[in-house]
Amino acid sequence: MKAIETINLSHTYPDGTKAIGNINFNVEKGKNIAILGPNGAGKSTLLHHFNGLLMPTSGKVNVLGQEVTKQNLDEIRQKVGLVFQDPDDQLFARSVALDIAFGPTNLKLSKAEIAQRVNWAIEVTDLKGLENKSPSNLSGGQKRRASIAGVLAMKPEIIILDEPMSNLDPKTSSKVLKLLMQLNKELGLTLIIATHDVDLVPLFADEICILNKGQILMQGPPQEIFSQAELLRSVDLRLPRITHLFEILNKEDSLRGDKQYPLTIGEARREILEMLENKK
Ligand code: ADP
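Enquirer: Got a sec to walk through the site of the ligand? Specific residues and values, please.
Expert: Neighbouring the ligand are the residues Y13, D15, T17, A19, P38, N39, G40, A41, G42, K43, S44 and T45. In the environment of the ligand, an oxygen atom lies 3.0 Å from a nitrogen or oxygen atom belonging to the backbone of G42. Here an oxygen atom of the ligand sits 2.9 Å away from a polar atom, N or O, in the main chain of K43. No other element matches helix α1 (residues 43-47), which puts three residues into the shell around the ligand. Split by residue class, the shell around the ligand holds four nonpolar, six polar and two charged.

Structure below.
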């Protein structure tokens with residue numbers, strides 16, 4: 001089943017900027033997909049169509065087989081949660097708990113159900129002890145987790161995240177990434193993550209969609225995408241650093257055969273250990 005499908009989706013902003021054109025994108029339910037592209041490629045514009053925050057100027061968007069229209073936005077937004085790029089655009093209540101409760105309260109759920117969802121979201125995102133704090137006094141990583149918690153409390157099937165690891169220090173970034181992988185693997189949520197961080201993508205993505213100048217350049221599994229180094233460079237992207245090192249070892253030092261390049265440090269480590277083993 002397709003979680004999200006767009007058919008010839010285009011969006012032109014009122015000032016005439018053609019941000020995306022004729023996008024045919026789709027993601028299967030339960031997958032973890034990265035939308036990768038340079039600044040201004042149209043990533044946010046595309047994401048904002050997935051829960052009807054923006055409506056197509058032409059073409060259409062289907063969510064779990066249902067077309068997004070102005071009439072069914074409430075229903076769509078229960079299925080698709082959007083985590084904004086800047087948590088300050090999302091968090092506005094007096095306390096973390098009230099912020100997380102905002103969505104479920106709007107759904108007019110019972111008090112007991114709201115409390116249960118808030119506690120669950122706090123638990124999953126590791127925010128225990130911060131329930132009564134004002135969101136404005138949280139650290140960058142805590143804010144990010146609080147904005148994810150608010151979306152989780154709506155019990156969506158799909159979560160869209162716009163640059164969720166940006167402006168976080170490496171440790172916090174790893175913690176958020178771990179949380180996202182857990183939501184995908186353990187809860188089966190479909191995740192669509194926009195990013196320009198090439199090094200992080202192979203750590204989580206089942207599939208990558210490369211966006212450039214409002215068009216899809218390619219979509220496929222990480223190995224397939226990162227075997228196209230020149231095409232990536234032509235749109236101001238690059239290989240993951242560890243992959244680049246192996247490309248150099250291959251091309252300039254003729255040190256390895258034409259095997260697929262490792263994309264992560266884990267894969268590189270295994271290859272190096274194998275090389276050493278073979279030299280013994
Ligand atoms: P990305 O998320 O990949 O950085 P965006 O979707 O934000 O790209 O932007 C795509 C294009 O649309 C850019 O040229 C940007 O300047 C333009 N754009 C984004 N938002 C608006 C807006 N509200 N009004 C007019 N143009 C916009």
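Enquirer: So, the packing of aromatic side chains: which residues are in play, and what are the values?
Expert: Summed over all chains, the structure comprises two aromatic pairs. Taking the centre distance of 5.4 Å and the plane angle of 15° together, the rings of F25 and F50 count as stacked. Of this pair, F25 sits in the loop between β2 (18-23) and β3 (26-28) while F50 is found in the loop between α1 and β5 (58-63), placing the two residues 25 residues apart along the sequence. Since its relative accessible area comes to 0%, F25 is described here as buried. Residue F50 is classed as buried on the basis of its relative accessible area of 0%. Judged by centre distance (5.0 Å) and plane angle (85°), the rings of F92 and F102 are edge-to-face. Here F102 lies in helix α3 (residues 96-106) and F92 lies in the loop between β7 (80-83) and α3, a separation of 10 residues in the sequence. For F92, a relative accessible area of 54% corresponds to the exposed category. Assessed through its relative accessible area of 40%, F102 is described here as partly exposed.

Enquirer: So what about the sheet that holds strand β10 (residues 207-212)? Which residues, and what values?
Expert: Strand order across the open sheet formed by six strands is β7-β8-β9-β4-β10-β11, with mixed pairing between neighbours. Looking at which strands have only one partner, the edges of the open sheet turn out to be β7 and β11 (215-220). Here the strands of the sheet are splayed against their neighbours by 15° on average, with no regard to which way each runs. Of the strand pairs in this sheet, strand β8 (residues 158-162) and strand β9 (residues 190-195) are connected by five bridges, and their pairing is parallel. Pairing of I159 across the sheet is with L191, part of β9. Along the sheet face, helix α5 (residues 140-152) touches β7 and β8 and points at about 165° away from the line of β7. Each of β4 (32-36), β8 and β9 is contacted by helix α6 (residues 170-187), which is oriented at about 150° to β9, the strand it contacts most.

Enquirer: Describe in detail the layout of surface pockets, supporting the description with residues and values.
Expert: As a volume, the largest pocket reaches approximately 620 Å³. Lining the largest pocket are 24 residues, with R77, F102, G103, V151 and M154 positioned closest to its centre. Per-element tally for the lining of the largest pocket: the top contributor is α3, with six residues. There is about 160 Å³ of room inside the second largest pocket. Every residue lining the second largest pocket is counted, 13 residues in all, and those nearest its centre are F226, S227, K259, Q260 and Y261. Take the lining of the second largest pocket: its biggest share by element is four residues, from helix α10 (residues 241-251). Within the lining of the second largest pocket, the residues separate by chemical class into four nonpolar, five polar and four charged.

Conventions and cut-offs
Residues numbered from 1 in each chain as written. Predicted model: local features only at pLDDT ≥ 70, side-chain atom pairs only at ≥ 80, totals over all residues. Heavy atoms only, no water. Near = heavy atom within 4 Å. Polar contact = N/O pair within 3.5 Å; in protein donor to acceptor, adjacent residues only side chain to side chain. Helix = DSSP H or I, 4+ residues; strand = E, 2+ residues; numbered from the N terminus. Nonpolar A, V, L, I, M, F, W, Y, C, P; charged D, E, K, R; others polar. Phe/Tyr/Trp six-rings, centres within 6.5 Å; stacked < 30°, edge-to-face > 60°. Buried < 20%, exposed > 50% of the residue type's maximum accessible area, 1.4 Å probe, protein only. Pairing = 2+ DSSP bridges. Axes fitted to C-alpha atoms, helices over the stretch in contact; angles between N-to-C directions. Contact = heavy atoms within 4.5 Å. 1 Å grid on protein atoms, 1.4 Å probe; cavity = no way out; pocket = protein on both sides within 12 Å on 5 of 7 lines; lining within 4 Å. Points joined across faces, edges and corners; volume = space filled by probe spheres on them.

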